[in-house]
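These are the residues of each chain, in order.
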Amino acid sequence: MTPASPPRSTGFLEPALDGLRWFAVALVLIAHFIPRLADYRVWGTYGVNLFFVLSGFLITTILLRAKERLDAGTSGTLRELKRFHVRRIFRLWPVYYVVLALAFIANIEATRASIWWHVFFLSNEYIIHLGAWPGILSHLWTLAVEQQFYILWPLVVFWIPTRMLPWAIASLLVIGPLARGLLWAFTNQPPSIIMIHFPCCLDIFGAGAALAWLRVSPRGLARFQPVFLGAALVLLGWFLLAAGLNIGARLPDHWIIYDFTIQALGFGGLVALVLVRPTSRLTSFLRWAPWVYLGTISYSIYLLHNFMHRIAPGLLRHTLGFSYFSNEWAHFVYLSTLSLLTASLSYVLLEKPIRNLGHRLAP
């Protein structure tokens with residue numbers, strides 16, 4: 001694979017991270033379109049956690065730049081909050097609410113009964129309240145958790161002294177496993193429900209936030225390269241161990257307490273290696289233009305892909321006379337291709353124009 005000239009990034013500062021974001025969403029597609037592979041591992045969990053690490057890095061990078069302006073006295077807190085939230089709203093909300101409106105009209109998975117939970121980005125709380133996963137709409141929990149992080153974290157970053165920020169980031173890394181441990185010890189909730197509580201995800205965002213902080217520190221990320229490489233290798237070994245235990249049905253429930261923290265640190269190491277090794281084969285591979293483009297539209301892919309379970313069979317039946325391919329991999333390719341095409345249309349016709357408008361409106 002020869003390196004392509006870096007395309008325009010969606011804001012990560014390094015297009016290779018957009019490519020990495022595509023592989024995160026690809027893991028989710030594998031999880032939702034090839035269910036039998038869950039016998040080896042819950043692939044979607046790895047994809048979502050990589051998403052959260054990348055979000056923690058991107059959001060904290062943006063907020064640290066704003067913090068510099070606040071400390072320099074060239075801007076105000078309310079102005080920076082408005083700038084941040086206007087861009088996030090125009091980037092994420094329009095396509096989300098369009099999709100939600102269509103699901104409401106079609107009453108997919110009884111959307112009308114749960115609409116207000118999703119409208120206010122409380123899908124994770126709805127699942128916790130329900131105690132079960134609501135099928136096609138279940139993936140919206142991750143978007144709810146991200147929006148909750150977008151509300152909380154800017155307030156923390158802007159309103160505490162700069163010297164206290166490392167302690168705030170460290171607290172995220174502690175709160176996540178602590179919350180999961182308490183829920184595991186004192187409730188009857190299964191791991192699949194424990195993991196979607198907002199506090200239980202904070203260490204994953206915290207790993208990305210720590211990278212953002214280290215990146216702007218005087219000595220930067222480069223001095224920690226051996227640590228990052230070790231973390232990435234530990235994640236690989238951890239995945240193989242978890243897969244072996246999962247296949248043998250020996251994966252304990254308490255695994256949820258430390259599993260996410262190890263994933264967060266491992267994915268943090270992977271992201272850091274991409275940042276500090278811009279000429280490496282891995283970074284060059286991730287910079288390949290198709291990967292970067294797919295990473296650019298990954299939000300739409302993630303948001304829309306679950307609805308393909310409802311759309312794809314009917315489309316196939318009307319064109320070829322049958323609803324499902326007999327080969328599971330062929331059906332996976334079909335569902336994935338339909339998701340990518342739909343997401344591309346969404347990005348070109350809706351997301352990109354509105355996002356550009358948000359950039360112009362932000363102060």
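Right above here is the structure, for reference.
The rules behind each value
Residues numbered from 1 in each chain as written. Predicted model: local features only at pLDDT ≥ 70, side-chain atom pairs only at ≥ 80, totals over all residues. Heavy atoms only, no water. Helix = DSSP H or I, 4+ residues; strand = E, 2+ residues; numbered from the N terminus. Rg over C-alpha atoms; globule rule 2.2 N^0.38 Å. Buried < 20%, exposed > 50% of the residue type's maximum accessible area, 1.4 Å probe, protein only. Contact = heavy atoms within 4.5 Å. Areas by Shrake-Rupley, 256 points an atom, 1.4 Å probe, with all protein chains shown as cover. Phe/Tyr/Trp six-rings, centres within 6.5 Å; stacked < 30°, edge-to-face > 60°. Expected span 1.5 Å × (residues − 1). Core = buried A, V, L, I, M, F, W, Y, C linked by side-chain atoms within 4.5 Å. Disulfide = S-S within 2.5 Å. Salt bridge = Lys/Arg side-chain N within 4 Å of Asp/Glu carboxyl O. Axes fitted to C-alpha atoms, helices over the stretch in contact; angles between N-to-C directions. Parallel < 35°, antiparallel > 145°, perpendicular 65-115°, else oblique. Left-handed = near helix turned anticlockwise from the far one by under 90°. Nonpolar A, V, L, I, M, F, W, Y, C, P; charged D, E, K, R; others polar. Polar contact = N/O pair within 3.5 Å; in protein donor to acceptor, adjacent residues only side chain to side chain.

Peer 1: Got a minute to help me understand the overall build of the chain in this structure?
Peer 2: Within the chain, the secondary structure is distributed over 16 helices and zero strands. The C-alpha atoms of the chain give a radius of gyration of 20 Å, which matches the 21 Å a tight globule of 363 residues would have. Principal-axis analysis of the C-alpha atoms gives the chain an extent of 65 × 50 × 50 Å. When each of the 363 residues of the chain is scored for burial, the buried share is 52%. Partitioning the intrachain contacts of the chain with sequence separation of at least 6 by distance along the chain shows that 75% fall at a separation of at least 24. For the chain, the exposed area adds up to about 16600 Å²; of that, 68% sits on carbon and sulfur atoms.

Peer 1: Teacher, can you tell me more about the packing of aromatic side chains here?
Peer 2: The way to describe two aromatic rings as a pair is by their centre distance and the angle between their planes. Taken as a whole, this structure holds 29 aromatic pairs when the rule is applied. Aromatic pair W288 and W291: ring centres 5.0 Å apart, planes at 80°, arrangement edge-to-face. Look at W288 and you get partly exposed, because its relative accessible area is 29%. Relative to F332, the ring of W329 has its centre 5.9 Å away and its plane inclined at 85°; by these criteria the two rings are edge-to-face. Of the two residues, W329 and F332 both sit in helix α16 (residues 328–361), three residues apart, roughly one turn of that helix.

Peer 1: Just to check I follow, could you spell out helix α1 (residues 15–33) for this structure?
Peer 2: Note: α-helices contain 3.6 residues per turn, so residues at a spacing of three or four share the same orientation. Here α1 contains 19 residues, and its C-alpha end-to-end distance of 27 Å stays within 8% of the 27 Å for a straight helix at 1.5 Å per residue. Among the 19 residues in α1, 14 count as buried, and that is most of the element.

Peer 1: I keep staring at the nonpolar core and nothing clicks. Help me out?
Peer 2: One broad rule of soluble globular proteins: the nonpolar side chains tend to lie buried together. One finds W141, W153 and V271 to be the most contacted residues of the largest nonpolar core, which totals 111 residues. Sorting elements by how many residues they give to this core places helix α2 (residues 43–72) first, with 13 residues. With residues up to four places along the chain from it excluded, the contact list for W153 reads I59, T60, L63, A168, I169, L172 and A209.

Peer 1: Help me out: how do you make sense of the state of the cysteines in this one?
Peer 2: Counted according to the given criterion, the structure contains zero disulfides. Free cysteine C200: the closest other cysteine sulfur is in C201, separated by 6.6 Å. Overall, the relative accessible area of 0% leaves C200 in the buried class. Classification of C201 as buried rests on a relative accessible area of 1%.

Peer 1: Could you clarify how one ought to interpret the pattern of salt bridges in this entry?
Peer 2: Between side chains of opposite charge, a pair can form as their charged atoms come close. Applying the stated criterion across every chain yields a total of six salt bridges. For D18, the salt bridge goes to R21, with nearest N and O atoms at 3.1 Å. You can see D18 and its partner R21 sitting in helix α1, three residues apart, about one turn around the helix. A relative accessible area of 0% places D18 in the buried class. Overall, the relative accessible area of 10% leaves R21 in the buried class. Measuring nitrogen to oxygen at the nearest pair gives 2.9 Å for the salt bridge that ties E80 to R69. With E80 in helix α3 (residues 77–106) and R69 in helix α2, the pair connects residues that are eleven residues apart, well separated along the chain. A relative accessible area of 1% places E80 in the buried class.

Peer 1: Explain the packing of helix α10 (residues 225–247) against helix α11 (residues 255–276) to me, please; I cannot follow it from the model alone.
Peer 2: Packed helices, taken two at a time, are described by the angle their axes make and the gap between the axes. Look at α10 against α11: their axes get within 8 Å of each other, and the N-to-C directions meet at 140°. It follows that α10 is oblique to α11 by the angle criterion. Crossing of α10 against α11: the hand is left-handed. Its residues assigned to classes, the contact of α10 with α11 shows 19 nonpolar, four polar and one charged.

Peer 1: Help me understand unusual backbone geometry in this model?
Peer 2: Excluding glycine, a negative phi dihedral is what most residues carry, and trans is how most peptide bonds are arranged. One non-glycine residue, N107, lies in positive phi territory at about 55°. With respect to the helices, strands and loops of the structure, N107 is situated in the loop between α3 and α4 (111–119). For F121, which is not glycine, the phi torsion reads 55° and is therefore positive. The exposure class of F121 is buried, given its relative accessible area of 7%.

Peer 1: Even after reading the chapter, I still don't get the side chain of S75, so can you show me in this structure?
Peer 2: Looking at where S75 falls in the secondary structure, it is placed in the loop between α2 and α3. For S75, a relative accessible area of 16% puts it in the buried group. Among the polar contacts made by the side chain of S75, one reaches the side chain of E80 at a distance of 2.7 Å.

Peer 1: Explain the environment of T279 to me, please; I cannot follow it from the model alone.
Peer 2: Its location among the elements puts T279 in the loop between α11 and α12 (281–286). In this structure, the C-alpha to C-alpha distance between T279 and W291, residues twelve residues apart in sequence, is 17 Å.

On their own, these measurements won't tell you what the molecule is for.
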